[in-house]
Amino acid sequence: LEFVNETEESSRYRKLATRVDESLRFMKAIGIDINSPTFTQIDFYTAHEALLLPYEEALTRIDSTTGDFVDCSAHMLWVGERTRQVEKHISNLREGFQIPLD
């Protein structure tokens, strides 16, 4: 990617990457295990408004242990003002399935 090597963004990225590398080397030097789960794992959650019924339906699965419908498009879905106005079906859909954080 030669075309990005001489850009301002590339320069800022290299500076940031250098600082991160220096910080990790410092932590390692003072005895912190940078390979521990504290540094290598993270809980990451997603959320969005359930605006598109076909999208939510396509990402809904049946839980093999409970038989419940589970929407797998996000950890937390919500029905907001825009959703309520668009289609009543979306509100009905929310009543019919679980989401991972329910």
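Structure first, text after, so check above.
Throughout what follows, the structure given in this document is the object of discussion. (Residues numbered from 1 in each chain as written. Predicted model: local features only at pLDDT ≥ 70, side-chain atom pairs only at ≥ 80, totals over all residues. Heavy atoms only, no water.)

### Side note on a nonpolar patch on the surface
Link 1 in the chain: Taken together, the side chains of F26, I30, I32 and F39 make up a nonpolar region of the molecular surface, amounting to roughly 380 Å² of accessible area.
Link 2 in the chain: With respect to the helices and strands, the residue I30 is situated in the loop between α2 (8-29) and α3 (37-40).
Link 3 in the chain: Judged by its relative accessible area of 51%, I30 falls in the exposed class. (Patch = residues over 30% accessible without salt bridge, like charges linked within 9 Å, V, L, I, M, F, W, Y side chains within 5 Å. Areas by Shrake-Rupley, 256 points an atom, 1.4 Å probe, with all protein chains shown as cover. Salt bridge = Lys/Arg side-chain N within 4 Å of Asp/Glu carboxyl O. Helix = DSSP H or I, 4+ residues; strand = E, 2+ residues; numbered from the N terminus. Buried < 20%, exposed > 50% of the residue type's maximum accessible area, 1.4 Å probe, protein only.)

### Remarks on the pattern of salt bridges
Link 1 in the chain: Per the stated rule, a full pass over the model turns up 2 salt bridges.
Link 2 in the chain: The partner of E8 in a salt bridge is R12, and the shortest N-O contact between them spans 3.7 Å. Note that E8 and R12 are positioned in helix α2 at a spacing of 4 residues, about one turn of the helix.

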